[in-house]
Amino acid sequence: MNNRDISLAILITFLWALNFIVIKIGLESFPPLLFSALRFILCAIPLVFFIDRKGMSFKTIIGVGFFLGFIKFGLLFVGMHLGMTAALSSVVLQVQTFFTAILAYFILKQTLSLIKISGMIIAFFGIAGMFVDRLNNTEIGFYSFSLIVIAGFAWAVSNIITNKSEKVEPFSLVIWMSLVPPIPLFILSYFFETNQIVVLMNIGFKEIIVLLYTSGISTLFGFAIWSRLIKENGASQIAPFSLLVPVFGVALSYIYGETLTLIEIISSLVMFIGLIVFVIGERFLKNK
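Residues numbered from 1 in each chain as written. Predicted model: local features only at pLDDT ≥ 70, side-chain atom pairs only at ≥ 80, totals over all residues. Heavy atoms only, no water.

1. Observations regarding the packing of helix 3 (residues 58-81) against helix 8 (residues 170-177)
Okay, step 1: It is the contact of helix 3 with helix 8, at a shortest axis distance of 9 Å, that shows an interaxial angle of 70°. As far as their axial angle goes, helix 8 and helix 3 are roughly perpendicular. For the pair helix 3 and helix 8, the contacting residues are F58, T60, I61, V64, G65, L68 and G69 in the first and L173, W176 and M177 in the second.
Okay, step 2: For the contact of helix 3 with helix 8, the per-class residue count stands at seven nonpolar, three polar and no charged. (Axes fitted to C-alpha atoms, helices over the stretch in contact; angles between N-to-C directions. Helix = DSSP H or I, 4+ residues; strand = E, 2+ residues; numbered from the N terminus. Parallel < 35°, antiparallel > 145°, perpendicular 65-115°, else oblique. Contact = heavy atoms within 4.5 Å. Nonpolar A, V, L, I, M, F, W, Y, C, P; charged D, E, K, R; others polar.)

2. Looking at the pattern of salt bridges
Okay, step 1: Enumeration according to the criterion identifies six salt bridges in this entry.
Okay, step 2: Taking the shortest distance from any N to any O, the salt bridge between K231 and E169 comes out at 3.3 Å. With K231 in helix 11 (residues 205-233) and E169 in the loop between helix 7 (139-164) and helix 8, the pair connects residues that are 62 residues apart, well separated along the chain.
Okay, step 3: Since its relative accessible area comes to 61%, K231 is described here as exposed.
Okay, step 4: Here E169 falls in the buried class, since its relative accessible area comes to 16%.
Okay, step 5: Notably, a salt bridge pairs E232 with R228, separated by 2.7 Å at the nearest N-O pair. Of this pair, E232 and R228 both sit in helix 11, separated by four residues, roughly a single helical turn.
Okay, step 6: Owing to a relative accessible area of 24%, R228 belongs among the partly exposed residues under this scheme.
Okay, step 7: Among the charged side chains, a salt-bridge network with shared partners connects R4, D5, R228 and E232. (Salt bridge = Lys/Arg side-chain N within 4 Å of Asp/Glu carboxyl O. Buried < 20%, exposed > 50% of the residue type's maximum accessible area, 1.4 Å probe, protein only.)

Next comes the structure, spelled out in C-alpha cells:
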C-alpha cells in the first residue's frame, strides 16, 4: 500500500469513529427512529436516480437494507438514546466481527482457525465484563447494552447476505439499500415516538450538519473510499484498519466529555485485544 491509501484508510476510520459522537449530538434533537429514517433518506435521495444497481438482485438489496439499515442502525440509535456512550458503542458494535465469523462457519462452511477462536474467547471475557457492569448499573443500562450487541448481530447477518451474493458493488449497495429502512423506521417512529412534526419544523443548522455528516460524510463518502481501497489493495490489507474505529471512538468520546467506569475501560481493552488477535493474529505468526 502506498502512503496515500494508508492515509485515506486512517481518515475513514477516524470519520466513522467521529460518527458515534455526531449521532450522540443528533439524538439531543431527534427521536432515534426518526433520526435513523432521515439519515437513510438522505443517503438514497437523489443518488438512487443516478447510480445503477450494478446487477445486484433486489433480494440482496432488501436483505441488507433490512438487517443493516433497519435493525442494526435502528437499534444502535435507540441504544445510544437510552444511554450507551459513544465510546462504549464504538467498541461493543465490533462484536459483528465475531458474529460474522460464527455465521460464516455454519452457513458458508468457512473454517475457523485456532487463532481466531482464541481471539473470540478473549473478546468474550471483555463483553462479559461490560455485560455484568451494565447489569449492575441500571436496568436501562442493561437494555441499551443488549441493543448494541443485537445490532452487531444484525450487521453480521447483512455481511453474510452480501458474502452470498454473486454481484455486489459496495457504494451502489449502500445507496439502494438505503431505500429500505425509512418506511419501517417511520412506522415505528409514528407509534413509539412523539413530537416528530415539531422536531422537523424546528430543524436548525446543527441538525442539518448532523444529518449531512451521518449520511454524506460517514456513509456515502466513507463507503465510497473504503470500497475503492479494498478494490485496489485487497480486503486483507484494508480490513485491519477497522481496528482503529474503537480506538478513535474512545479517544474522541473522552474529548467530547464522556467517561467510562474502570470496569468498562478494562473490559474494552480485553475485547480490543481479542479483536486484534482475531483480525491480525494469523498474519503476525506467519510473518515471524
